[in-house]
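The chain contents come next:
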Amino acid sequence: RKEVEQDPGPFNVPEGATVAFNCTYSNSASQSFFWYRQDCRKEPKLLMSVYSSGNEDGRFTAQLNRASQYISLLIRDSKLSDSATYLCVVKSGGFKTIFGAGTRLFVKA
Amino acid sequence: ETGVTQSPTHLIKTRGQQVTLRCSSQSGHNTVSWYQQALGQGPQFIFQYYREEENGRGNFPPRFSGLQFPNYSSELNVNALELDDSALYLCASSLAPGALTVEYFGPGTRLTVT
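Only a predicted model underlies this, so the values are computations on that prediction, with no experimental measurement involved.

## Topic: the nonpolar core
Okay, step 1: Of all hydrophobic cores here, the largest spans 24 residues; its most connected members are Phe21, Trp35, Ile71, Leu73, Ile75, Tyr86 and Leu105 of chain A.
Okay, step 2: Breaking this core down by element, the ones donating at least two residues are strand S3 (19-25), strand S4 (32-38), strand S5 (44-50), strand S7 (60-65), strand S8 (70-75), strand S9 (84-91) and strand S11 (103-108) of chain A.
Okay, step 3: Counting residues in each nonpolar core, the second largest holds 19 residues, with Val19, Val32, Trp34 and Val78 of chain B among its members.

Printed below as a string of structure tokens:
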């Protein structure tokens, strides 16, 4: 079993749709969680950190469920520019950083 | 932009050769991590440097080595290149090591081994 797992997709949604991604992790001692977005052949860029209480940034909402060991990302009112790969990142102390394989999103007009 | 720079942007090498990739961290960041991203995969952690010392290492063989300099810039060296080393190599800098700090990525170096 992979330490961090994501549904690879692709998710194909129309503009204006709401889409949700989940990410599960296996290490219960994991300490911090992030979502990054990566455009084709570019570097990952931080989208948001994920806090236990959940957090929102505009159209994006991230949540953490420690009991079930998953994090989620909700995108509301999808835009064409949201088309990208979304990477789930889990850190468990010190230097250990694990990326999921990413979920691809295509938003269509 | 993150302020993290990498060079070169692209590189083509032959199997068995050696390669050095370079990274300049964001101003004020003393920690640099290197990642390998194969096509269709997420980045995989290679190692991290903090104040010129290796602070941790992922599951990569010893032919992957690195350095960090007093100005916190860093190098990744790969010896005896193999075809499977073809990937995007990403450098990320952060204010400090540790799980709670955010990493900011450079644009990457795309290495092709033929």
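Alright, that's what it looks like, and here's the rest.
## A word on the packing of aromatic side chains
Residue and element names in this part refer to chain A.
Okay, step 1: Within the structure shown, the criterion is met by eleven aromatic pairs over all chains.
Okay, step 2: Taken together, a centroid distance of 6.0 Å and an interplanar angle of 50° make the contact between Tyr36 and Phe99 tilted. Residue Tyr36 is found in strand S4, and its partner Phe99 is found in strand S10 (residues 97-99); the two are separated by 63 residues along the sequence.
Okay, step 3: On the basis of relative accessible area, Tyr36 is assigned to the buried category, the value being 3%.

## Description of the sheet that holds strand S3 (residues 19-24) of chain B
Residue and element names in this part refer to chain B.
Okay, step 1: Taking strand neighbours across the sheet as the criterion, the four strands line up as S1-S3-S8-S7 in an open arrangement whose pairing is antiparallel. The open sheet has two edge strands with one neighbour each: strand S1 (5-7) and strand S7 (64-68). Taking the axes of each pair of neighbouring strands and ignoring which way they run, one obtains an average angle of 20° across the sheet.
Okay, step 2: Bridge count for S7 against strand S8 (residues 74-78) is five bridges, and the pairing is antiparallel. Paired with Phe64 across the bridge in S8 is Val78.

## Remarks on the pairing of S3 of chain B
For a regular strand, the rule is simple: side chains alternate between the two faces of the sheet.
Residue and element names in this part refer to chain B.
Okay, step 1: Burial of S3 is one-sided: the residues Val19, Leu21 and Cys23 facing one way are buried, the residues Thr20, Arg22 and Ser24 facing the other way are not.
Okay, step 2: Two elements, S1 and S3, share three bridges in a ladder whose sense is antiparallel. Each residue of the ladder has a partner; that of Thr5, found in S3, is Ser24.
Okay, step 3: Of the strand pairs in this sheet, S3 and S8 are connected by five bridges, and their pairing is antiparallel. Counted as the bridge partner of Thr20 is Asn77 from S8.

## Regarding the environment of Glu103 of chain B
Okay, step 1: Turning to its location among the elements, Glu103 of chain B is positioned in the loop between strand S9 (87-94) and strand S10 (104-105).
Okay, step 2: Exposure remark for Glu103 of chain B: the relative accessible area of 3% places this residue in the buried category.
Okay, step 3: Between the alpha carbons of Glu103 of chain B and Val32 of chain B there is a distance of 8.6 Å; along the sequence they are 71 residues apart.
Okay, step 4: Look past the residues within four positions of Glu103 of chain B in its chain and what remains in contact with it is Tyr36, Lys91 and Thr97 of chain A together with Ser33, Tyr35, Gln48, Ala92, Ser93 and Ser94 of chain B.

## Structural notes on the state of the cysteines
Okay, step 1: According to the stated counting rule, one finds two disulfides over all chains in the structure shown.
Okay, step 2: The disulfide that involves Cys23 of chain A links it to Cys88 of chain A, with 1.9 Å between the sulfurs. Looking down the S-S bond of the Cys23 of chain A and Cys88 of chain A bridge, the torsion is -65°, so its handedness is left-handed. With Cys23 of chain A in strand S3 and Cys88 of chain A in strand S9, the pair connects residues that are 65 residues apart, well separated along the chain.
Okay, step 3: The exposure class of Cys23 of chain A is buried, given its relative accessible area of 0%.
Okay, step 4: Disulfide partner of Cys23 of chain B: Cys91 of chain B, at an S-S distance of 1.7 Å. What sets the handedness of the Cys23 of chain B and Cys91 of chain B disulfide is the S-S torsion sign, and at about -40° it is left-handed. Here Cys23 of chain B, found in strand S3, pairs with Cys91 of chain B, found in strand S9; they are 68 residues apart in sequence, far enough to count as distant.

The rules we used
- Residues numbered from 1 in each chain as written.
- Chains lettered and ligands numbered in written order.
- Predicted model: local features only at pLDDT ≥ 70, side-chain atom pairs only at ≥ 80, totals over all residues.
- Heavy atoms only, no water.
- Core = buried A, V, L, I, M, F, W, Y, C linked by side-chain atoms within 4.5 Å.
- Buried < 20%, exposed > 50% of the residue type's maximum accessible area, 1.4 Å probe, protein only.
- Helix = DSSP H or I, 4+ residues; strand = E, 2+ residues; numbered from the N terminus.
- Phe/Tyr/Trp six-rings, centres within 6.5 Å; stacked < 30°, edge-to-face > 60°.
- Pairing = 2+ DSSP bridges.
- Axes fitted to C-alpha atoms, helices over the stretch in contact; angles between N-to-C directions.
- Contact = heavy atoms within 4.5 Å.
- Disulfide = S-S within 2.5 Å.

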